[in-house]
Every structure is written in C-alpha cells, then in structure tokens.
Amino acid sequence: MFNIFESHSKKMQRKVRVRYAPSPTGPQHIGGIRTALYNYLFAKKHGGDFILRIEDTDQGRYVPGAEQYLIDSVNWCGFEFNEGVHIGGPHAPYRQSERKHIYKQYADQLIASGNAYYAFDSNEVVEAKRKEAEAEKKNWQYDQFTRMRMCNSLTLTDTETAQKLSENSSYAIRFKTPIAEDVVINDLIRGRVVVNSKQLDDKVLFKSDGMPTYHLANVVDDYLMQISHVIRGEEWLPSAPLHVLLYKALGWEDAMPEFAHLPLLLKPDGNGKLSKRDGDRLGFPVFPLNWTDPKTGEESSGYREAGYFPDAFLNILAFLGWNPGTEQELFSMDELVQAFSLDKVSKSGAKFSLDKARWFNQQYLQKKSASQLLALLKAQFPSNDLSDAQLEKIIDLLKPRSVFAKDILSASDYFFTAPSLYDTKTVEKKWKENSPQIVQELQEVFAAESDFSAANLEATFKAYLEEKQLGFGAAMPPLRLMITGFGEGPSLFDVMEILGKEECLERMEKVEAIKIATKN
RNA sequence: GGCCCGUUCGUCUAGGGGUUAGGACGGCAGAUUUUCAUUCUGUUAACAGGGGUUCGAUUCCCCUACGGGCUACCA
C-alpha cells in the first residue's frame, strides 16, 4: 500500500506529456480528432506538452497523405502540437518507421530477461491451428497453454534455436505472458480494471519483417518520450494489460504512464463504432476535412467544406463524451482548456447528432459580426457595386435565418439580381385578382417618395393601406413576391432600402411575369 | 464462444441512498413578427429487468438482458 502511494505521488509530480499517435492508414475521422483534442486540452490544462507520433509500423496499410491530412485537420480546428513529425522536437524522429533501429534492442532485452521468445511457426501453421479450433467452435490462441506445443525457443534447445537464427529462418518475437497473474489497470476514466494474464495471448512484439508491432513500439516510445498520460480510445482497453506487463518486464514500472480510455463514437443508425468506411453514408460528414482516397479516388466530405466553423466544430467535438458539469454549452478553446477534466469524460459511447451539430454552428454564426462574415463571404458574392456597409446590412438581415455562412450567400440572390422566377406556392396562395392593381398603385406611391429609407417606406406603405382600406395580407405578399420572388424573408422595407428606388420600381413593373414564370 | 467496458428522456448528458430526476438538441403548443427565421414562454419524454443491502435505492452489491470493444506477424 505504502509503495503504491509513493509511486502514485511520484507520477503526479511528473511533467504532463501526452501524445496523439495515429496510424496513417487513411483520414482520421471525428473520433480520432476528438481523441487528439482531449489530449491537447489535458496537456494545456496542466501546462504540459502535446506530441504527434506517427505509428506506421504496418507498411502494408500505409496511405500517402494521411499524415498531412491529420496535421491539416488539427490546425483547422485551432490547436497545435508541441513536438511531432512535422516540427521535430527533443525526441525526434517521431515516425516509428524512422525509429526502426530502436526497437530491436528492447525485444532482445526481453528475450535476455526471459520475458520473450523466438517463435518460428509459420503463419500457415498458426492459421491452421485457429481454423482447426474454429471448426470445433473453440478458440485457439498462441498463449501460455499452447506455446509449449509450438516451434519456438522455449521448445527448441538453445543450439537448435541458435541454428535456426543463423540460418536466417523467419521468426517473430513473442511476449512470454506471465502465468495466471492479475494485471491491474487504474484507468482514470473507468477506475480499476483487472484482467488475469491467463486470458492474454503471447502477442507478437517483433514481426518477421523486422518491424515492431504496435504494442512494443508504443510502449517503448511512450517510455522514451516520457509520456505521462496515455489518453486513447476504448478499443485499446483490452490490450492495456499487455502494455502494463511490458512496462514491468522492461523494468519501467515506475515510469509507466497513467491510462485513460475514452468512450467510442458510435454510428447513429444502428450499431458499432464509427469508422472511416462510413464516409458519407450516414448523412453527415465523419471527417473534419474533405478527403479523396488516393487509390480509389473516392471522395468523402468534411466539416470544413460542409460549412462548419472551426470553433463550432471544436465545441461539437468537445461535447461528444465530455461535459463541464455546468449548463454552459458554448465554449471557446481557452474555456475548454480551463474547464476540461478527465473525470468529466463519460464512460459510455456517444452517438453523433446532426441536429445538435447544426445548432452549435448556428450559435457560432449568430455570434459573428457582419464585418467578420463579410470578410469571409465578400469574394463569393456576385459582382456588385454595393458598399461594404450595404453588404453588411444584407448579412445582418440574412444571418438570423441561417445556420451556415453559405446560407447567407444562397439566400442573398435577389439583392443582386431581379427575380425572374417566382415562388409557385406563394403565387398560388397570395397572388390575387387585385394584386396587379395593388402593386401598380404602390409603385406610383413609392415613385413619389424621395426618401427611400426603410422607415419612410413602411410609413408610406401603411398610409396607402389606410387610404385603400386594405390589410397587410392583401398588399405585403404580392409586393414581396415582386421584389424578391419569395413569400418569406427579412423585413421587406429593409430589403427595399438596400435595393434602392430605381431597382424596386423596376421590379414592380413586371406584374405580368408572375403568370408565366414560377418556381418551387 | 472467451475476456473486458458500458446502460438516466428519441439524442447528448447532469445528478446521486430520501430530488417535482435538472439542462441542451429535436418534437409539439403559444407569444412576438407583414411573412419566414430569430427571440421568448410552456410542453413532451428517461433511471433496462430481477434479486439483494437498507427505514429508504435510480444511486451500493450480485445476476440477467441488451449495447459496445477486443480476441492478427493491423493499429
């Protein structure tokens, strides 16, 4: 007990160093980015470092561009690494393929200490064993119960082993899992998890191709890079006991990082964890940025291109599996860093909600000023001779009706082009027998006005209604139809003010067009 | 199959031995608005089931069910 306390407090004093360690097998989906984010938040909260390490020990699955994609994604979200493949650092290189020379010595060390052994069994032999067991509906694994019946340095004599090695026989190095030992993981999110080592198989640590497996490379690098906390997805929980055992076997128990296994992001439609292959199938992007598969050319859409703001996306991600325990929902990055805590991370998997995501973006859109949005949208507006002030007015008018910035763009057409088509439903419902006459009369009334401000237009309009004993419903919809082509939208007098007298009168001229040109 | 993790409104979640089980999204209704949207108000809806422990359990324990993960010389 005393010892546990001591080593615990020693760990608490360590400088916080966390890493995000993806395998470059394709674009990281939102779950991966969330893991990166939580690592970052945890690091910053504790004044620590955040490291990017690329775990590319499986050459067969390497996908070019995946690494850069991840870096671009993280940058778009607004956070950064302190060390990593792209920026270097005191523990460079940060790509495991470039650290290849490092791992063998630790595998050798494990063999020397009796914690690992050479396994000469071919893939076929092992596969055959599995198939055989499967046929009997049993499970077979290379473990403490079967290893003495296999071809390895445990069953071979030393000279036989030495001969095999000198013959350049293909071999792997397997971990010699301790016999029936309770392995304890004190997970920061899940609490105490105990697994008996007899359940574990003798995992390959070093592959016959000269590369380490994930397990070895991961533990070695975390140790060498002085990682204090391993924050990763729940899919790693089953191999955490192996990792703990490896730290012990390597004599690094005191330097072992703390573990925190994050809940998974689930598919919103049925079952299973969210995966890369879900692509666009789910009706929402699963990737932060657009991605084109270099092999198949298949394209997947990203949040950036879908129109999400990075700060909104960040907020959405942060809340998928974490909450501050207060009722605040909108968080800036700084606020997230302040509020983040691992013990507020939930234990169960979360399903993504498109509605909630849209709501977040809408909140962020409303918070942006017209000038901020103008900077974003100016180049995309159709060519026009409106002043920035007028464009900002348009933005302010359209903003409350929008979820994405691009919604403002698509709703602003009639400010730049006179409608040539008119909304069918509105025409059917609101364009009455007397509508042409009302529009014509209003045109005359407005033509007489020199003050084309929204306030004056409204007053004039109301005076006209008064005089003619008409209700709003008789005059407003037809007028709006003529000016914008739609049955709904922002305050029409504001629209007219921006459009100006000449343009408005011109649009009101085309009462005949209503009958021939409609749209849905 | 085995091992491990999980389970509060439809969704994200708060809470935690005694609460009217709270919030947000969505839905619905109403108010505001020339219309639409915004905004505001109200409303809808949950502790998987069964056993314990306890004066009392949704909260603690066990079992079951369900969901998920892992079970590769992939990560």
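Residues numbered from 1 in each chain as written. Chains lettered and ligands numbered in written order. Predicted model: local features only at pLDDT ≥ 70, side-chain atom pairs only at ≥ 80, totals over all residues. Heavy atoms only, no water.

## Points about the overall build of chain A
Going by this rule: We count a stretch as a helix when DSSP gives it H or I for four or more residues in a row; a strand needs E for two or more, and each element gets its number in order from the N terminus. Three exposure classes are used, based on accessible area relative to the maximum for each residue type with a 1.4 Å probe and protein chains only: buried under 20%, partly exposed in between, and exposed over 50%. Contacts are residue-level and defined by heavy atoms, with any inter-residue pair within 4.5 Å sufficient. Accessible areas in this description were obtained via Shrake-Rupley with a 1.4 Å probe; residue shielding takes into account the shown protein chains only.
Scanning chain A from N- to C-terminus turns up 23 helices and 16 strands. Dimensions of chain A, computed from the C-alpha atoms along their principal axes, are close to 110 × 50 × 40 Å. When the 520 residues of chain A are sorted by exposure, 50% land in the buried category. Excluding contacts between residues fewer than 6 apart, the proportion of contacts in chain A whose partners are at least 24 apart in sequence is 72%. Total accessible area on chain A stands at roughly 24,800 Å², and carbon and sulfur atoms take up 49% of it.

## Here's the deal with the sheet that holds strand β5 (residues 172-175)
Our working definition: In this description, strands pair whenever DSSP reports at least two bridges between them. Angles here are taken between N-to-C directions and fall from 0 to 180 degrees, while the axes themselves are lines fitted to C-alpha atoms, restricted in helices to the stretch in contact.
Reading across from one edge, β4-β5-β8 is the order of the three strands in this open sheet, with antiparallel pairing throughout. Taken across any chain shown, the strands that pair with only one partner, and hence form the sheet edges, are β4 (116-119) and β8 (204-206). Neighbour-to-neighbour, the strand axes of this sheet turn through a mean angle of 45°, independent of strand direction.

## Let's talk about the nonpolar core
Just so we agree on the cut-off: We call a set of buried Ala, Val, Leu, Ile, Met, Phe, Trp, Tyr and Cys residues a nonpolar core when their side-chain atoms join them within 4.5 Å.
Among the nonpolar cores identified, the biggest contains 98 residues, and Ile30, Leu37, Leu41, Phe50 and Phe79 are the most heavily contacted of them. Broken down by element, the residue count for this core peaks at nine residues, all from helix α2 (residues 30-45). In this view, Ile30 contacts Leu265, Leu274, Phe284, Pro285, Val286, Phe287, Tyr303, Phe313, Leu317 and Phe352; residues no more than four positions away in its chain are not counted. Core analysis: the second largest hydrophobic core is formed by 52 residues, Ala405, Phe461, Leu481 and Ile514 among them.

## A closer look at the pattern of salt bridges
Let me state the cut-off plainly: Criterion for a salt bridge: a side-chain nitrogen of Lys or Arg within 4 Å of a carboxyl oxygen of Asp or Glu.
Tallied over the full model, the rule gives 28 salt bridges. Among the ionic pairs, Lys267 bridges to Asp278, the shortest N-O distance being 2.9 Å. A residue pair is termed long-range when its members are at least 10 positions apart, and Lys267 in the loop between β11 (265-266) and β12 (291-292) and Asp278 in the loop between β11 and β12 qualify at 11 residues. Under the relative-accessibility criterion, Lys267 is labelled buried at 15%. Counted as one network, the salt bridges with shared partners bring together Arg19, Arg53, Glu55, Arg99, Asp221 and Asp222.

## Quick word on the environment of Thr424
With respect to the helices, strands and loops of the structure, Thr424 is situated in helix α17 (residues 424-430). Separated by 62 residues in the primary sequence, Thr424 and Phe486 place their C-alpha atoms 8.9 Å from one another.

## Focus on the packing of helix α18 (residues 435-447) against helix α20 (residues 472-484)
Think of two packed helices as two axes; the pair is described by the angle between the axes and how far apart they sit. Short version of the rule: Roughly parallel here means an angle under 35 degrees, roughly antiparallel means over 145, roughly perpendicular means 65 to 115, and every remaining angle is called oblique.
Between α18 and α20, the shortest axis-to-axis distance is 9 Å and the interhelical angle comes to 80°. Relative to α20, the element α18 is oriented roughly perpendicular. Taking contact as the criterion, the partners of Ser435, Ile438, Val439, Leu442 and Phe446 in α18 are, on α20, Ala474, Ala475, Pro478, Leu479 and Met482.

## What about the packing of aromatic side chains?
Our working definition: Between 30 and 60 degrees the pair is tilted, below 30 it is stacked and above 60 it is edge-to-face, where a pair is any two Phe, Tyr or Trp rings, Trp via its six-membered ring, whose centres lie within 6.5 Å.
With the rule as written, the count across this model stands at 32 aromatic pairs. Ring geometry for Trp140 versus Tyr142: centroids 6.1 Å apart, planes at 75°, classification edge-to-face. Per residue, the accessibility class of Trp140 equals that of Tyr142, and both read buried. Ring geometry for Tyr414 against Phe486: centres 6.0 Å apart, planes inclined by 55°, an arrangement best described as tilted. Here Phe486 lies in the loop between α20 and α21 (492-499) and Tyr414 lies in helix α16 (residues 413-416), a separation of 72 residues in the sequence. With relative accessibility at 30%, the residue Phe486 sits in the partly exposed group.

## With respect to the side chain of Arg232
Note the following rule: When charges are counted, Lys and Arg are positive and Asp and Glu negative, with His and the chain ends excluded. Whenever two N or O atoms come within 3.5 Å, that pair is a polar contact, provided that in protein one can donate a hydrogen and the other can accept it, and provided that, for residues adjacent in sequence, both atoms are side-chain atoms.
In this fold, Arg232 is placed in strand β9 (residues 229-233). Among buried Asp, Glu, Lys and Arg side chains, Arg232 stands out as unpaired, with Asp222 the closest opposite charge at 5.7 Å. Of the polar contacts made by the side chain of Arg232, one reaches the side chain of His243; its length is 2.9 Å. Apart from residues no more than four positions distant in its own chain, Arg232 is found in contact with Thr35, Tyr214, Asn218, Ala240, His243, Phe259, Ala260, His261 and Leu262.

## Some thoughts on a positive patch on the surface
Applicable threshold: Every patch collects residues that have over 30% relative accessible area and no salt bridge, joining them within 9 Å if they carry like charges and within 5 Å if they are nonpolar side chains (Val, Leu, Ile, Met, Phe, Trp, Tyr). Throughout, a charge is located at the NZ atom of Lys, the CZ atom of Arg, the CG atom of Asp or the CD atom of Glu.
A cluster of basic residues, Lys425, Lys429, Lys430 and Lys432, forms a positive patch on the protein surface. Position of Lys429 relative to the elements: it lies in helix α17. For Lys429, a relative accessible area of 59% puts it in the exposed group.

## Section: helix α8 (residues 240-249)
Taken across its 10 residues, α8 has nine buried, putting it largely inside the fold. Within the span of α8, buried status applies to Ala240, Pro241, Leu242, His243, Val244, Leu245, Leu246, Tyr247 and Ala249. Downstream of α8 by one or two residues, Gly251 has phi in the positive range, about 80°.

## Things to note about the confidence of the model for chain A
Condition: The quantity known as pLDDT measures the predictor's confidence residue by residue, on a range of 0 to 100.
Put simply, chain A has an average pLDDT of 93, and 96% of its residues get 70 or more. For residues 1-10, every residue scores under 50 in pLDDT, and the model assigns this stretch two contacts once sequence neighbours within four places are set aside. For this predicted complex, the interface confidence comes out at an ipTM of 0.95, alongside a pTM of 0.94.

## Brief notes about helix α22 (residues 501-508)
Note: α-helices contain 3.6 residues per turn, so residues at a spacing of three or four share the same orientation. Counted only if it meets this: Arc, as used here, means the arc of the directions from the helix axis to the C-beta atoms.
Within α22 the residues assigned to the buried category are Cys504, Leu505, Arg507 and Met508. The arc that holds the buried residues of α22, viewed along the axis, is 160°, so those residues lie on one side. On the buried face of α22, the contacting elements are α16, α18, α20 and α21.

## Some details on the packing of α2 against helix α10 (residues 310-318)
Worth spelling out the cut-off: Residues are grouped as follows: nonpolar covers Ala, Val, Leu, Ile, Met, Phe, Trp, Tyr, Cys and Pro; charged covers Asp, Glu, Lys and Arg; every other residue, Gly included, is treated as polar.
For the pair α2 and α10, the least separation of the axes is 10 Å and the interaxial angle reads 85°. Classed by the angle they form, the pair α2 and α10 counts as roughly perpendicular. From α2, Ile30, Ile33, Arg34, Leu37 and Tyr38 reach across to α10, where they touch Phe313, Leu314, Leu317 and Ala318. Taken together, the residues that form the contact of α2 with α10 break down as eight nonpolar, no polar and one charged.

## Some details on the side chain of Asn196
Along the chain, the position of Asn196 falls in strand β7 (residues 191-196). One polar contact links Asn196 to Asp182, side chain to side chain, over a distance of 3.0 Å. Dropping the residues within four chain positions of it, Asn196 is found in contact with Ala180, Glu181 and Asp182.

## Section: unusual backbone geometry
Residues Ala92 and Pro93 are joined by a peptide bond in cis, for which omega reads -5°. Its place among the elements puts Pro93 in the loop between β3 (83-84) and α4 (100-112). In this model, Lys137 sits at a positive phi of 55°, which is unusual for a non-glycine residue. Positionally, Lys137 belongs in the loop between α5 (123-135) and α6 (158-166). One non-glycine residue, Gln469, adopts positive backbone phi at about 60°. Turning to its location among the elements, Gln469 is positioned in the loop between α19 (454-468) and α20.

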